[in-house]
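Breakdown of the fold
The chain contents come next:
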Amino acid sequence: MNIIETNDLSLWYGNKQTLFDINMPIKKNSITSIIGPSGCGKSTLIRVFNRMNDLIDGTKISGTVLYDGNNICRPDTDVLALRKRVGMIFQKANPFPMTVRDNITYGPKLHGVKDQKELDEIVESSLRRAALFEEVKDRLNASALSLSGGQQQRLCIARALSIEPEVILMDEPTSALDPIATAKIEELALELKENYTVVTVTHNMQQAGRISDYTGFMYLGRLEEFGKTRDIFESPKSELTERYVSGRFG
Amino acid sequence: MTPEDTVSVSGDIPKNADISGIDVCSHPKRFISRIRIEDRAKLILMAAVVFTVAVLFFIIIFISYNSLDAVKEIGIWEFLTGGTWSPGSGAYGASSLIVGTFLVTGGSILFALPVGLGMAIYINDVASPRVRNILKPACELFAGIPSVVYGFIGLAVMVPFLMDVFPAHLNYGTSWLAGSLLLGIMALPIIISVSQDSLEAVPGSYREASMALGATKWETTRKVVLRSAVSGIAAAVILGIGRALGETMAVMMVTGNSALIPEPLWNIFDMVRTLTASIALEMPEAVHGSLHFSALFMLALILMVIVLLVNTVARRMVRRTKIKMGTEKAADVRRRRLFAPLSESHKEMAKTAAVYALVFAPAFMISSLFIGTYGGIAIGALAAAGLPVSKRISRAIGPNRVQSTVYLMLGITVAAVLAVLAVFLGVIAVNGLPAISPEFIFSPPSNSGLSGGIWPAVIGTIELAAGTALISFPLGVCSGIYLSQYAGDTRLIRLARQAIDSLNGTPSIIFGLFGMSLLVIAFGWGYSLVGGCITLSLMVLPTIIKTTEEAVSAVPKDLTEASAAMGASKWHTVSKVLLPASMGGVITGFILSIGRAIGETAPIMFTAAVAFRTTSSFSLLDPIMALPYHLYYLASEVPGSTANQYGTALVLMMIVIVLFAAASVIRYRYRKKTGW
Ligand SMILES: Nc1ncnc2c1ncn2[C@@H]1O[C@H](COP(=O)(O)OP(=O)(O)O)[C@@H](O)[C@H]1O
Ligand SMILES: [Mg+2]
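Residues numbered from 1 in each chain as written. Chains lettered and ligands numbered in written order. Predicted model: local features only at pLDDT ≥ 70, side-chain atom pairs only at ≥ 80, totals over all residues. Heavy atoms only, no water.

Turning to the nonpolar core, a few remarks are in order. Ranked by internal contacts, the top residues of the largest apolar core, which has 186 residues, are B:Ile59, B:Phe79, B:Trp85, B:Val149, B:Tyr150, B:Leu299 and B:Leu513. In terms of residue count, the dominant contributor to this core is helix H14 (residues 291–326) of chain B (14 residues). Residue contributions to this core reach at least three from each of two domains, namely domain 1 (26–66 + 436–676) and domain 2 (100–329) of chain B. Residues A:Val100, A:Ile157, A:Ala158 and A:Ala189 belong to the second largest nonpolar core, which totals 32 residues. (Core = buried A, V, L, I, M, F, W, Y, C linked by side-chain atoms within 4.5 Å. Buried < 20%, exposed > 50% of the residue type's maximum accessible area, 1.4 Å probe, protein only. Helix = DSSP H or I, 4+ residues; strand = E, 2+ residues; numbered from the N terminus. Domains from an automatic or database assignment.)

Below you can see the structure in the form of structure tokens.
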């Protein structure tokens, strides 16, 4: 079943068209990778899924994006509720300059959880699901900024999980991390797909090959090819995709 | 300062740089003479810094020395705690003055902090770029209006207005309330601009992270941005407090100056008297060498200690919070240990209790003044009960509508403040314009200022500005260059920086007392133009140093490196590359400082300015008339001179506005040209 589905999605920043007629299904409980050279519109595309592009003045959209069957591009969409269901991890880990615990409780408190016990449980379960609990359980009141880069990124994942989203968008989540921290995040992504749907943007083709079920290759704002990851990597239909995945350009 | 950097020119040249083709280095003779210039330049720059630092020490020494008699005869403890201040009957207990100073300042911050912060949030989150581009320079302009003009307007507009609003509570209108409101309005610009800068500096990634979790913009601002900007906002508040503590003219004109502690302590309708006002009011009557004279210096010393303490705490705090933003530091760990025994729920409870107390206390204090203690308790309880109600309401209407409500209220606040300022300016313009004519400007005052014009005061102000510029520009710019380019991070330099910062926070009336004790009395110059110029120069020096240092340091590093790589000596690089490139910033800061000097009253009222002066001959050692002092004199001593008061205020303000406009044009020009 498709949890997200874009139909002829185009997007303009001011007068500059950045996405062209994207048609892309995202299957529930899968990992979908979006690959492509930088500047091709990968971030722009996934930021449509939680309407983060709203923050940029002058963004225009045409086409539809169905989330659970509802078009989320409509102006009357409850954006806050959408973002609660669609979490996001950014390229550079961006924990708040607060304690580890406050980072996790931020979202639940925002959405009305007040009971301390419940909050404590959320802190522990989110950190566990982000495979971080054992490392930080003695430092819950330490500043999040005192964690290592990889830990910070996992903290951001835990923060996103704290409000029980359905989809997790990751925008090049490992591009600022060392190989060991990267491996941990990849492992985590694979675990997460049991319960969540993961859409990840990556620069790194091996990573897409390793973790994703579906892969979309974007080029100059268009979705050049989309399909099962194995097909994209082993028998791409488009010449461009073939050249990109074999590392001959990009 | 290490011996290497005084001598070596080659030290500026990267080791592997190709210098073979550079002509300057192939002439041994010129090479040597260039080193000498280098040395001399550095020495001169350093001397400027040493001079500035020495000023602070001399101020402290002179003020302390002059207060010795009071210390000996009265005793520090008795002076600080004594309840009666009545120099006529020989009673010198300063407690009511100290309390008055804190009350007026505290009240002004209680008012200016929420309003200023709200306006900063509005400018940052809501205002369109175009509105922002109007509001920010407007802030600067309002910061530049002389304190005596604020005092005058306060007296002419605000005090009667307050009397109308609270007829049963205000006998004369002049009151703690009037002082705090006026000081608050004066503190707004700095609070707004510094807080907005720090809101703007919060990384966008924090905002994104919060919005991605489903927070509204307002929730994000409240829960993430404000928390991260806290160090900057604290800096803004403390800067505001430091200024307010040392403010003289505006406060003195509207607080009523009664040396009694309000009864009850929060009775904002009572008159109060501040340290600064006592000094300014009584100094003209105090006989040099008398106990009274010495006691006034003692007040100045107390004021100076308070302001120094406040500013030091501020700097400490800012530094600490800044460190905290980056990583966890010792202070953090200590705090964590302190609160470790508290569970999360206890912490929440403590927080909630604090919030309730914060709502209850002011509501009680204010309402009890009107309807007695029990009524006050009732109103306070009602206000506190409003908290959970408003929480419930906001949950019911949802975050989006909460946001629009909050932004609407912020917008109303901005509009209200702008309206108040517009009234201030409008009243001056409407009443001042008819008073202004060529005769008014070009003729001397007559009939004790009831009629006639302001020509001698205009001339005096121009002379003061010119003299101040002549003295402060070279000193300030040299010091700024030295600190930016030559000073390392040694102990001595840190100390010097601290001294300059302290000098920057020193109340202007302290400079006035220093000028009086050194130039007027010790040097025997009496009131003189040159005395006023020197005093004002010392006052603006730290600002010029700071802006110069900032402007020079803002020049991109590659420019310096390019010049050094071509074999240019350091001084050559500084004088031929850095200075021209940073001239825009330097001159802007300089003009703004002169604008401030022109409007100052407190530093010149004991060193240079007299109410009337008949001869029009020019002598450096003659006393002068000046616009701000003239305005003060007319407003407080010459009833019935209303037209001339407004005329003087308008002329003074126009001069300041012209200077500000010039400064912004220059800044704009240079920014366009250099692009950084
Ligand atoms: N806020 C913006 N305003 C205008 N153009 C933008 C903005 N953000 C991105 N772009 C442009 O949109 C294109 C796609 O950007 P992006 O989605 O970030 O690419 P990718 O993530 O694939 O590197 C780029 O050409 C970029 O310059
Ligand atoms: Mg990107």
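With that settled, consider helix H9 (residues 204–212) of chain B. Listing the buried residues of H9(B) in full gives B:Tyr206, B:Ala209, B:Ser210, B:Met211 and B:Ala212. Buried positions along H9(B) lie against helix H2 (79–85), strand S6 (86–89), helix H3 (100–110) and helix H6 (149–161) of chain A together with helix H10 (217–228) of chain B. Residue B:Gly214 follows H9(B) closely and has a positive phi angle near 90 degrees. (Contact = heavy atoms within 4.5 Å.)

Time to look at the pairing of strand S7 (residues 167–171) of chain A. Residue and element names in this part refer to chain A. The buried fraction of S7 amounts to 5 of the 5 residues, a majority that puts the element mostly inside the structure. Direction of pairing for S6 relative to S7: parallel, over a ladder of 4 bridges. Among the inter-strand pairings, Met88 is bridged to a residue of S7, identified as Leu169. Where S7 meets strand S8 (residues 197–201), 5 bridges bridge the pair, whose relative direction is parallel. Looking at the pairing, Val167 lines up with Thr197 of S8. (Pairing = 2+ DSSP bridges.)

Residues and elements named next belong to chain A. Taken together, Tyr13, Lys16, Thr18, Ser38, Gly39, Cys40, Gly41, Lys42, Ser43, Thr44 and Ile56 make up the full set of residues near ligand 1. For ligand 1, an oxygen atom lies 2.7 Å from a polar atom in the backbone of Gly39. Taking Cys40, its main chain carries an N or O atom lying 3.3 Å from an oxygen atom of ligand 1. Sorting the residues of the shell around ligand 1 by element identifies strand S2 (16–27) and helix H1 (42–49) as the ones contributing at least two each. Per-class residue counts for the shell around ligand 1 are 3 nonpolar, 6 polar and 2 charged. (Near = heavy atom within 4 Å. Polar contact = N/O pair within 3.5 Å; in protein donor to acceptor, adjacent residues only side chain to side chain. Nonpolar A, V, L, I, M, F, W, Y, C, P; charged D, E, K, R; others polar.)

Okay, unusual backbone geometry next. At the junction of B:Glu263 and B:Pro264, the peptide bond is cis and its omega measures out at -10 degrees in the coordinates. Along the chain, the position of B:Pro264 falls in the loop between helix H12 (249–254) and helix H13 (275–282). A positive phi is found at A:Asp8, a non-glycine position, where the angle reads about 45 degrees. With respect to the helices and strands, A:Asp8 occurs in strand S1 (residues 2–13).

Residues and elements named next belong to chain B. The contact between H10 and helix H16 (residues 344–435) brings their axes to 8 Å, and the two run at 75 degrees. On the basis of the axis angle, H10 is roughly perpendicular to H16. Two secondary-structure elements touch here, H10 through Lys217, Trp218, Glu219 and Thr221 and H16 through Pro399, Val402, Gln403, Val406 and Tyr407. Here the contact of H10 with H16 is built from residues that sort into 5 nonpolar, 2 polar and 2 charged. (Axes fitted to C-alpha atoms, helices over the stretch in contact; angles between N-to-C directions. Parallel < 35°, antiparallel > 145°, perpendicular 65-115°, else oblique.)

Turning next to a positive patch on the surface. Judged by side-chain charge, A:Lys114, B:Arg222, B:Lys391, B:Arg392 and B:Arg395 come together as a positively charged surface patch. Looking at the positive patch, the element that brings in the most residues is H16(B), giving 3 residues. In this fold, B:Arg392 is placed in helix H16. (Patch = residues over 30% accessible without salt bridge, like charges linked within 9 Å, V, L, I, M, F, W, Y side chains within 5 Å. Areas by Shrake-Rupley, 256 points an atom, 1.4 Å probe, with all protein chains shown as cover. Salt bridge = Lys/Arg side-chain N within 4 Å of Asp/Glu carboxyl O. Lys, Arg positive; Asp, Glu negative; His and termini not counted. Charge placed at Lys NZ, Arg CZ, Asp CG, Glu CD.)

Next up on the list: the packing of helix H7 (residues 147–165) of chain B against H16(B). All names here are of chain B. Interaxial distance between H7 and H16 falls to 11 Å at its minimum, and their mutual angle equals 90 degrees. The orientation of H7 relative to H16 falls into the category roughly perpendicular. Between H7 and H16, the contacting residues are Val149, Tyr150, Ile153 and Val157 on the first element and Val423, Phe424, Val427 and Ile428 on the second. Among the residues forming the contact of H7 with H16, the class breakdown is 8 nonpolar, no polar and no charged.

Residue and element names in this part refer to chain B. Once the domains are mapped, chain B shows domain 1 (26–66 + 436–676) and domain 2 (100–329). Here the C-alpha centre of domain 2 lies 24 Å away from the C-alpha centre of domain 1. If you look at the interface, domain 1 gives 36 residues, while domain 2 gives 34 residues. In total, about 3,000 Å² of surface goes out of reach between domain 1 and domain 2, with carbon and sulfur atoms giving 79% of it. Considering only the side of domain 1, the residues that lose the most area to domain 2 are Asn66, Ile509 and Tyr632, jointly responsible for 17% of the buried surface there. Counting across the domain 1 and domain 2 interface gives 1 salt bridge. Linking Arg667 and Glu140 is a salt bridge whose minimum nitrogen-to-oxygen distance equals 2.9 Å. Summed over the shared surface of domain 1 and domain 2, the result is 2 residue pairs in polar contact (both at pLDDT 80 or more). By residue number, the principal contributor to the side of domain 1 that touches domain 2 is helix H26 (residues 642–674), which donates 9 residues. By residue class, the composition of the side of domain 1 that touches domain 2 is 24 nonpolar, 10 polar and 2 charged. (Buried area = accessible area lost by both parts, 1.4 Å probe.)

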